[in-house]
Amino acid sequence: MEYKSFRSGLTFSDMVEKCGSAKVLVVDDKERNIQMVGTLFSEYDWVRLSACLSGQKALEVALDYRPDLILLDLNMPGMDGLETLKKLKDIGVLEFSTVVFLTADQQRANRLEGLSLGCADYIHKPFDRDEFLFKVKYHLKMRFFEKVLLKYLGDTRALLNNINQAIFCIDENGLIKPPVSEHSRVIFGEDPTGKYLEDVVLKRTSLGQEDIERIKQNLLMSYDDSKIGWIAKSSEFPKKISYDGPENEEKVLNIIYTPLWNGEELTSIMLTFEDITEKERFGKTKKQYNLQQIAQKTGLKIETLRSWTKRYGLKGEFKDSKGEYRYSGADLDRFAVFRFLIEKGEKIGQLVKCSDLELKEKEIALKESNISNIQNNNDLMEKRDVLKSLLYFIEIRNLELFTRDFSKIGALFDKRELTLSLIAPLLDFMNEKDVWKKLERIDANYLKHFISKKINEFDLINPGVQENPVKGPVVMEVFPSFNSVGAPLASLLAKHYNIETNSIKDSLLKEEVIEVINKIDPPFILLILERKGAHDEREFQKLKNDIHSSISLKKQKFVVLNNHDTIETKNILDPDFEFNDSFEDLEKTYKDYIKSFLKLKKSA
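Structure report, in brief.

The rules we used
Residues numbered from 1 in each chain as written. Predicted model: local features only at pLDDT ≥ 70, side-chain atom pairs only at ≥ 80, totals over all residues. Heavy atoms only, no water. Helix = DSSP H or I, 4+ residues; strand = E, 2+ residues; numbered from the N terminus. Expected span 1.5 Å × (residues − 1). Buried < 20%, exposed > 50% of the residue type's maximum accessible area, 1.4 Å probe, protein only. Arc of directions from axis to C-beta. Contact = heavy atoms within 4.5 Å. Phe/Tyr/Trp six-rings, centres within 6.5 Å; stacked < 30°, edge-to-face > 60°. Lys NZ or Arg CZ within 6 Å of the ring centre and 35° of its normal. Pairing = 2+ DSSP bridges. Axes fitted to C-alpha atoms, helices over the stretch in contact; angles between N-to-C directions. Parallel < 35°, antiparallel > 145°, perpendicular 65-115°, else oblique. Left-handed = near helix turned anticlockwise from the far one by under 90°. Nonpolar A, V, L, I, M, F, W, Y, C, P; charged D, E, K, R; others polar. Polar contact = N/O pair within 3.5 Å; in protein donor to acceptor, adjacent residues only side chain to side chain. 1 Å grid on protein atoms, 1.4 Å probe; cavity = no way out; pocket = protein on both sides within 12 Å on 5 of 7 lines; lining within 4 Å. Points joined across faces, edges and corners; volume = space filled by probe spheres on them. Core = buried A, V, L, I, M, F, W, Y, C linked by side-chain atoms within 4.5 Å. Salt bridge = Lys/Arg side-chain N within 4 Å of Asp/Glu carboxyl O.

### Topic: helix α10 (residues 209–222)
Working step 1: The end-to-end C-alpha separation of α10 is 20 Å, in line with the 20 Å expected for 14 residues at 1.5 Å each.
Working step 2: Of the positions making up α10, those classed as buried are I212, I215, N218, L219 and S222. The buried side chains of α10 occupy one side of the element, clustering within an arc of 130 degrees when seen end-on.
Working step 3: Looking at the buried side of α10, the elements it contacts are β6 (166–170), α9 (197–200), α11 (227–234) and β10 (265–275).

### Observations regarding the packing of aromatic side chains
Working step 1: This model, assessed by the stated rule, comprises 14 aromatic pairs.
Working step 2: Pairing W230 with F237 gives two aromatic rings, centres 5.9 Å apart and planes at 70 degrees, and the pair type is edge-to-face. Taken individually, W230 and F237 each receive the classification buried, so the pair is uniform in this respect.
Working step 3: Directly above the ring of Y65 sits K23, whose terminal nitrogen or CZ lies 5.3 Å from the centroid.

### With respect to the sheet that holds β6
Working step 1: Pairing is antiparallel across the open sheet formed by five strands, whose spatial order is β7-β6-β10-β9-β8. Sheet topology places β7 (176–177) and β8 (240–244) at the edges, where each strand pairs with a single neighbour.
Working step 2: In terms of strand pairing, strand β9 (residues 250–262) meets β10 through ten bridges, oriented antiparallel. Residue pairing for β10: I256 is matched across the bridge by T272.
Working step 3: Each of β9 and β10 is contacted by α11, which is oriented at about 170 degrees to β9, the strand it contacts most.

### Focus on the pairing of strand β13 (residues 470–477)
Taken residue by residue, a regular strand's side chains alternate between the two faces of the sheet.
Working step 1: Burial runs high along β13: seven of the eight residues are buried.
Working step 2: Pairing analysis gives five bridges linking β13 to strand β14 (residues 499–504), with the strands arranged parallel. Bridge pairing links V475 to S503 in β14.
Working step 3: The pairing of β13 with strand β15 (residues 525–529) spans four bridges and is parallel. What sits directly across from M476, in β15, is L527.

### Let's talk about the packing of helix α13 (residues 291–298) against helix α14 (residues 302–312)
Working step 1: Taken N-terminus to C-terminus, the directions of α13 and α14 make an angle of 125 degrees; their axes are 9 Å apart at the nearest point. The angle between α13 and α14 places the two elements in the oblique class. Helix-helix and strand crossings are classified by hand; for α13 and α14 the assignment is right-handed. Residue-level inspection shows L291, Q292, I294 and A295 of α13 in contact with α14, the latter providing I302, L305, R306 and T309.
Working step 2: Residues that form the contact of α13 with α14 fall into these classes: five nonpolar, two polar and one charged.

### Quick notes on the environment of N498
Working step 1: With respect to the helices and strands, the residue N498 is situated in the loop between α24 (486–496) and β14.
Working step 2: Classification of N498 as buried rests on a relative accessible area of 18%.
Working step 3: Sequence separation of N498 and Y590 is 92 residues, and the distance between their C-alpha atoms is 9.9 Å.

### Structural notes on the side chain of D73
Working step 1: Looking at the element boundaries, D73 is found in strand β3 (residues 69–73).
Working step 2: Among the polar contacts listed, one links the side chain of D73 to the side chain of K125, at a separation of 3.1 Å.
Working step 3: Not counting residues up to four positions away in its chain, the partners in contact with D73 are V27, D28, D29, G81, F101, L102 and K125.

### Description of empty space enclosed by the protein
Working step 1: Within the structure shown, the criterion is met by one cavity of 30 Å³ or more.
Working step 2: Lining the largest cavity we find L197, V201, L202, I215, P238, I241, I255, Y257, L271 and F273.
Working step 3: The set of elements that each furnish at least two residues to the lining of the largest cavity consists of β9 and β10.
Working step 4: Considered class by class, the residues forming the lining of the largest cavity number ten nonpolar, no polar and no charged.

### Quick word on unusual backbone geometry
The general pattern is negative phi for most residues beyond glycine and trans for most peptide bonds.
Working step 1: In this structure, P126 follows K125 across a cis peptide bond, with omega equal to -10 degrees.
Working step 2: Relative to the elements of secondary structure, P126 occurs in the loop between β5 (121–124) and α7 (129–160).
Working step 3: Of note, the phi angle at D521 is positive, near 50 degrees, even though the residue is not glycine.
Working step 4: Summarising the element assignment, D521 is placed in the loop between α25 (511–520) and β15.

### Quick notes on the environment of T309
Working step 1: Here T309 lies in helix α14.
Working step 2: In this structure the C-alpha to C-alpha distance between T309 and L291, which are 18 residues apart in sequence, comes to 9.6 Å.
Working step 3: Other than its neighbours up to four places away in sequence, T309 contacts L291, L314 and Y327.

### Considerations on the sheet that holds strand β4 (residues 98–103)
Working step 1: The strand order across the open sheet built from five strands is β2-β1-β3-β4-β5, with neighbouring strands paired in parallel fashion. In this open sheet, the two strands that pair with only one neighbour each are β2 (47–52) and β5. Averaged over all adjacent pairs, the angle separating strand axes in this sheet is 25 degrees, with direction ignored.
Working step 2: Bridging between β3 and β4 involves five bridges; their strand directions are parallel. The partner of L72 across the bridge, within β4, is F101.
Working step 3: Against the sheet, helix α3 (residues 31–41) engages β1 (22–27), β2 and β3, with an angle of about 175 degrees to β2.

### Brief notes about the nonpolar core
Working step 1: Within the largest apolar cluster, 58 residues are counted, with the highest numbers of intra-cluster contacts made by F188, F273, M430 and I451.
Working step 2: Looking at which element gives the most residues to this core, the answer is helix α21 (residues 415–432), with seven residues.
Working step 3: Residues in contact with F188, not counting those within four places in the same chain, are A166, F168, V200, V201, R204, Y243, P246, L253 and F273.

### What to know about the pattern of salt bridges
Working step 1: Counted according to the given criterion, the structure contains 21 salt bridges.
Working step 2: Note that D28 is salt-bridged to K125, the shortest N-O span being 3.0 Å. Residue D28 is located in the loop between β1 and α3, and its partner K125 is located in the loop between β5 and α7; the two are separated by 97 residues in the primary sequence.
Working step 3: E190 is paired through a salt bridge with R204; the nearest N and O atoms lie 3.2 Å apart. Note that E190 is positioned in the loop between α8 (183–188) and α9 and R204 in the loop between α9 and α10, a separation of 14 residues in sequence.
Working step 4: A relative accessible area of 24% places E190 in the partly exposed class.
Working step 5: Connected through salt bridges with shared partners, the residues E198, D199, K203, E213 and K216 form a single ionic network.

Next comes the structure, spelled out in structure tokens:
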């Protein structure tokens, strides 16, 4: 559970359930005042009450009883409330107790002095019952909240200190915030708390200043962007770095970036560093390759490799039983870089003189930025978070932010994820919540047009030619319009199940359309019904009459996806199956059809 929810999300009863009964100590020199407080608490079982008649006695009781709240009389003989408060503070009681003064004193100077010494509040005598209970509950809730938070932080520190990884959070400026795992000192040779990521990490890598500035800029911009924007920006952060550790010891560190969100607001970024130096060395020295294997893995010709080894003395680190050289994983990497750089115009005679670091820098400098690696970072964020982000923009009616982020998802997820995990649930939600009705008509039409257009664009990103597709339905829009969402999604979804669909955007009863349908002989006709205009009901009734009057169409099996908000197709068209506003049912229809198709094929 996120600790930020304790103040706002949990009631006083919730906090009592978490922390147990509240311990309250009443300190007053008059017994009748103590009895009055006891009477106010008498009907509640969430308080355990203790009392004493002097400030001196309060010092002893407080250390032993460790109350959550001390109700302290300001005006007492001998040691008054202010003096008692000073001594309670000196002996450390205020670290676990909240002090509230009980007083009839109206002097401003006394109240200010009490507050400066650590008093949290004043309750005036004679007590107003409602005010008294409200203030007591408030301060107890804050004390409980602090208890839970301290326990949470204590558990977090204990957990962090038992992990052999450097873990800490950074703010938008790259400042490292606690808690910080103990192993951070081992990896970085210092406590990074309160320092900047640039100074502790980035400047001690092989990254150039331009790369460092770009990383810092992306970190800063991530805090002003959405969850979808985070994926794109974080993909440019380095995932593995060479790091100059303590005493100039070169380390290889693996980095994981985890965004911490409060709703739609990015509060901090957690970084996890794992020292994989030994793993890298072991991996590169464990395997041994001969020249033939090097050629196969790098794509270099075996004759070229033999020429290089003779001309430039590129001998392997090991020899086999026949005395032939064997090459390590590090050598394999080096040959692969040689090939890449030569293809970019470099000369092998110069490359063999370069160190591994120089070769790597050349490779990085020549490689073009490729945002396709965004698709490999889907583990950075659950798809449901992207969906929640899109729904949030719809709920607050911010179409500009919605369209901006919706445009990005085609490059972030593969087509199956895009359709089944994002677009279909999004449209189901919008239908279920009557989003189209709640929007202004011009906005609703624009949004439908935008989504339809983008679905078609996503469909073209990676058409994915499939072999032997299953013969599928004719997809037909009853009232074809520029802002139809159903038909593009139906076609996109069909591709995931290797179903071949035919789309018709024309009058169903045109002679040439009927001829096409007869020629195709589809297993069923999927009618997509969406709102177009004021005469939809009349036109749909005419459509129904025409279908029933056509011998060939009457034989067809009809399935209807009804996104129209007023038309009821049952008892009008009498379709074989109809579902309203549910793209999940559309997917099920495809699945059921494939099952029946395969069953028939098997029996045949």
